[in-house]
Amino acid sequence: MKKNRMTNQRLKILEYLRSVKTHPTAEMVYKEVAKELPNITLATVYRNLNHLAENCEIQRFEVNCTSRFDADMSFHQHCICKKCGHIQDLFEKKITEDTIKKARTTNFEPQSVNVIIYGICKGCKGK
Ligand SMILES: [Zn+2]
Ligand SMILES: [Zn+2]
């Protein structure tokens, strides 16, 4: 039996994550996936998300002590609203490439770059 076989639950979680740009928390993923898989538990969703992150199928990063998940594995940066936690993607390949190049000059082999820009989103700005 192949150990890294994708279970149906894991596949559904991954499919959902790939369909959104919201960088959801585990609770948000659970609410959506439970519509199709009513027997799934929050603990199972957590376990699968962590498994996917550890196998580099998805990204995991912390915002205000909460894990957020992203199935977009292309190099990009995240702009995070300090007020509401809204996350939007920024695709500035150069930032990532320059960071990797710089890290290599210090005799270090970089594997991933996680750039987070904190600020206030459009929706919160007017308030
Ligand atoms: Zn906001
Ligand atoms: Zn993202």
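Enquirer: For this particular structure, what's the right way to read the overall build of the protein chain?
Expert: Within the protein chain one finds 5 helices and 5 strands. Written out in order from the N terminus, the α and β elements of the protein chain read α-α-α-β-β-β-β-α-β-α. With the principal axes as the frame, the protein chain shows a C-alpha extent of 50 × 45 × 25 Å. The long-range share in the protein chain, meaning contacts at least 24 apart out of those at least 6 apart in sequence, stands at 46%. A total accessible area of about 8800 Å² is found for the protein chain, and carbon and sulfur atoms account for 52% of it. Counting 22 positive and 14 negative side-chain charges, the protein chain places the averaged centre of each group 2 Å from the other.

Enquirer: What's the story with the coordination of the zinc ion (ligand 2) in this structure? I'm lost.
Expert: Tetrahedral coordination by four donors places them ideally at 109.5 degrees to one another around the metal; octahedral coordination by six donors ideally gives 90 or 180 degrees. The protein atoms donating to the zinc ion (ligand 2) are His-23 (NE2), Asp-70 (OD), His-76 (NE2), His-78 (NE2) and Asp-89 (OD), with metal-donor distances spanning 2.0 to 2.2 Å. Along the chain, the residues that donate to the zinc ion (ligand 2) are spaced as H-x46-D-x5-H-x1-H-x10-D. On the criterion of sequence distance, the pair formed by His-78 in strand β3 (residues 77-81) and Asp-89 in strand β4 (residues 87-90) is long-range, its members being 11 residues apart. For the pair His-78 and Asp-89, a shared accessibility class is recorded, and that class is buried.

Enquirer: Please explain the domain arrangement of the protein chain as it appears in this structure.
Expert: By a widely used convention, the size of an interface equals the accessible area lost when the partners come together. Here the domain parsing of the protein chain yields domain 1 (8-70) and domain 2 (77-125). For domain 1 versus domain 2, the distance between C-alpha centres works out to 21 Å. Every contact between the two is made by 8 residues of domain 1 and, on the other side, 7 residues of domain 2. If you sort the residues of domain 1 by the area they bury against domain 2, His-23, Phe-61 and Val-63 come out on top, with a joint share of 54%.

Enquirer: What exactly am I supposed to notice about helix α3 (residues 42-54) here?
Expert: Since there are 3.6 residues in each turn of an α-helix, residues three or four apart along the chain are aligned in direction. The end-to-end C-alpha distance of α3 is 18 Å, a good match for the 18 Å that 13 residues give at a rise of 1.5 Å each. One or two steps after α3, the chain reaches Cys-56, where phi turns positive at roughly 60°.

Enquirer: Help me out: how do you make sense of the pairing of β4 in this one?
Expert: Two faces, one strand: in a regular strand the side chains alternate between the faces of the sheet. Only one face of β4 is covered, namely the face carrying Ile-87 and Asp-89; the face carrying Gln-88 and Leu-90 is uncovered. Linking β3 back to β4 in an antiparallel pair, the connection comprises 5 residues, with Gly-85 at a positive phi of about 80°.

Enquirer: Looking at this structure, how should I read the coordination of the zinc ion (ligand 1)?
Expert: Summarising the metal site, the zinc ion (ligand 1) is bound by the protein donors Cys-81 (SG), Cys-84 (SG), Cys-121 (SG) and Cys-124 (SG), whose distances to it range over 2.3 to 2.4 Å. Seen from the zinc ion (ligand 1), its 4 donor atoms lie at angles of 107 to 112°, and the figure they make is tetrahedral. In primary sequence terms, the donor set of the zinc ion (ligand 1) follows C-x2-C-x36-C-x2-C. With Cys-84 in the loop between β3 and β4 and Cys-124 in helix α5 (residues 122-125), this pair connects stretches of sequence that are 40 residues apart. On the basis of relative accessible area, Cys-84 is assigned to the partly exposed category, the value being 47%. Taking relative accessible area as the criterion, Cys-124 reaches 5% and is therefore assigned buried.

Conventions we followed
- Residues numbered from 1 in each chain as written.
- Chains lettered and ligands numbered in written order.
- Predicted model: local features only at pLDDT ≥ 70, side-chain atom pairs only at ≥ 80, totals over all residues.
- Heavy atoms only, no water.
- Helix = DSSP H or I, 4+ residues; strand = E, 2+ residues; numbered from the N terminus.
- Contact = heavy atoms within 4.5 Å.
- Areas by Shrake-Rupley, 256 points an atom, 1.4 Å probe, with all protein chains shown as cover.
- Lys, Arg positive; Asp, Glu negative; His and termini not counted.
- Charge placed at Lys NZ, Arg CZ, Asp CG, Glu CD.
- Donors = N, O, S within 2.8 Å, 3.2 Å for Na, K, Ca; no water.
- Buried < 20%, exposed > 50% of the residue type's maximum accessible area, 1.4 Å probe, protein only.
- Domains from an automatic or database assignment.
- Buried area = accessible area lost by both parts, 1.4 Å probe.
- Expected span 1.5 Å × (residues − 1).
- Pairing = 2+ DSSP bridges.
- Tetrahedral: all angles 85-135°; square planar, octahedral: opposite > 155°, others 65-115°.

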